[in-house]
Every structure is written in structure tokens, then in C-alpha cells.
Amino acid sequence: RSSPSRWKRRSDAVKTVWARSETLGKKLLWLVDITFAGRTIRLSTEHVIVSSDDGTLAYDGTCEDITVTEEMALLELSASPMSVTLNAVWPVDVASLVAKGHDLAGARATLSQWAVGTTYESRRTVLVGRVVDPEYGRDGYVSCSIEENLFHDASLVPPLSLVVTEDTISNL
């Protein structure tokens, strides 16, 4: 039996705080990574190339402004799940992929802030969650929300990137 920690990749590490010196005088951009239909869709508020330990990552700058808010009712003991609205023109034909059986609702998404001139690994992850309430058309424009997975237990279900093969299961 595999342990859940074995499934984590270095890029899944969540950095939630930056030191002031890391952002002083640097332009900050939003980066959105969405795993959908067997690929990673990379969107940003500006077209940008980000250097990474794994090479370079190209982000399409088609996102409208992103505003992150956290809400908590006055007399509640816990906050509601963090959510952000995402409106962008995607570089793939979402309608065609959905017609082929891929489901955008529930796709894994990560929202992070990145300081221009730094590496992908130094970004600040703001939200890790799933796509909810997607709306899309043939023109490539997609409107959806990314909602935090407060009650998601990764130890119960392996990531979407893992595949069962004869090599991974010895009793086939």
C-alpha cells in the first residue's frame, strides 16, 4: 500500500507567505495552472515565460483581473471556502474537449502570485482547489470559479496524474 506522501511532487509545495525583500520593487502577476483533459492549461493576467527547475513555462495572458477575497460571517467559527472567479480566453477548445468526454467541472486548479524575474518554484500559492460552475463556448472564452478544497482528503484518492498499469499493481 502506497503512502499519500509518495504522491506529492515538489511543485505541490504550498508557499503562503513572502518576505518583504522577495517582492520589493517587483511586479506581481497571477498565475493559474489548471489540469484538464490530460494537459496543464497555464493562464495569467499577462503573457509571460516563467523559468522553472523543469524548463520554461509559457502562460497565456488572457485572464481578466483576478480578485481574491476570503469571507467569514460575523458569528461563525470558521471561514467559508476561498473562491475566485476566473474569466479568460483559453488556448484550447474547451467545448470540443467536453464533447469528447472531458469534464471541466472538478478539474484541479492552482492560483498563485509570481514576482517577475523569479522562478516558478518561488511563487506564492494562494489557492489550491477545483473548477466549479464552468461556462464556455466555441470562442474559447471560459468563465468559472476555483474553489478551495477544505474537506478534500488527498490520502483517500490518488492524484489524477497517477495511472494504474501492470507495473503499479502486481495482482493484475
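Values in this document were obtained by computation on a predicted structure and should not be read as measured data. (Residues numbered from 1 in each chain as written. Predicted model: local features only at pLDDT ≥ 70, side-chain atom pairs only at ≥ 80, totals over all residues. Heavy atoms only, no water.)

Our next topic: the overall build of the protein. Counting its secondary structure elements, the protein contains two helices and eight strands. Ordered by position from the N terminus, the helices and strands of the protein form the series α-β-β-β-β-β-α-β-β-β. For the protein, buried positions account for 30% of its 172 residues. For the protein, restricting intrachain contacts to residue pairs at least 6 apart in sequence, the fraction spanning at least 24 positions comes to 59%. Taken as a whole, the protein presents about 11000 Å² of accessible surface, with 51% of it coming from carbon and sulfur. (Helix = DSSP H or I, 4+ residues; strand = E, 2+ residues; numbered from the N terminus. Buried < 20%, exposed > 50% of the residue type's maximum accessible area, 1.4 Å probe, protein only. Contact = heavy atoms within 4.5 Å. Areas by Shrake-Rupley, 256 points an atom, 1.4 Å probe, with all protein chains shown as cover.)

Per the stated rule, a full pass over the model turns up one aromatic pair. Across from the ring centre of Tyr120, 3.8 Å away, lies the NZ or CZ of Arg123, which sits over that ring. (Phe/Tyr/Trp six-rings, centres within 6.5 Å; stacked < 30°, edge-to-face > 60°. Lys NZ or Arg CZ within 6 Å of the ring centre and 35° of its normal.)

Right, let's get into the sheet that holds strand 7 (residues 124-136). Read across the sheet, six strands follow the order 2-1-6-7-8-5 without closing on themselves; strand pairing throughout is antiparallel. Strands with a single pairing partner mark the edges of an open sheet, and in this sheet they are strand 2 (39-44) and strand 5 (83-89). Ignoring strand direction, the axes of neighbouring strands in this sheet form an average angle of 30°. Where strand 5 and strand 8 (residues 141-148) come together, seven bridges link them in antiparallel fashion. Residue pairing in the sheet places Val89 in a bridge with Tyr141 of strand 8. (Pairing = 2+ DSSP bridges. Axes fitted to C-alpha atoms, helices over the stretch in contact; angles between N-to-C directions.)

The next point concerns the environment of Thr119. Along the chain, the position of Thr119 falls in the loop between strand 6 (108-115) and strand 7. Separated by 68 residues in sequence, Thr119 and Ser51 have C-alpha atoms that sit 5.2 Å apart. Excluding anything up to four places from it in sequence, Thr119 contacts Val50, Ser51 and Trp114.

Right, let's talk about the environment of Leu28 for a bit. Along the chain, the position of Leu28 falls in strand 1 (residues 28-36). Distance in space between the C-alpha atoms of Leu28 and Arg123 is 9.7 Å, their sequence separation being 95 residues.

Before going further, it helps to spend a moment on the pairing of strand 6. Counting buried positions along strand 6 gives seven out of eight residues, so the element sits mostly inside the fold. Two strands pair when backbone bridges link them, and strand 1 and strand 6 are joined in this way by eight bridges, in the antiparallel orientation. Bridge pairing links Trp30 to Gln113 in strand 6. Note: strand 6 against strand 7, six bridges, orientation antiparallel. Of the residues in strand 7, the one forming a bridge with Ala109 is Gly129.

With that out of the way, let us pick up the pattern of salt bridges. Scanning the entire structure with this criterion turns up two salt bridges. Note that Glu46 is salt-bridged to Lys27, the shortest N-O span being 2.6 Å. Placement of Glu46 in the loop between strand 2 and strand 3 (48-52) and of Lys27 in the loop between helix 1 (20-23) and strand 1 is noted, with a sequence separation of 19 residues between them. Lys27 gets classed as partly exposed once you look at its relative accessible area, which sits at 45%. With its nearest N and O atoms 3.4 Å apart, the salt bridge here joins Asp33 to Arg42. (Salt bridge = Lys/Arg side-chain N within 4 Å of Asp/Glu carboxyl O.)

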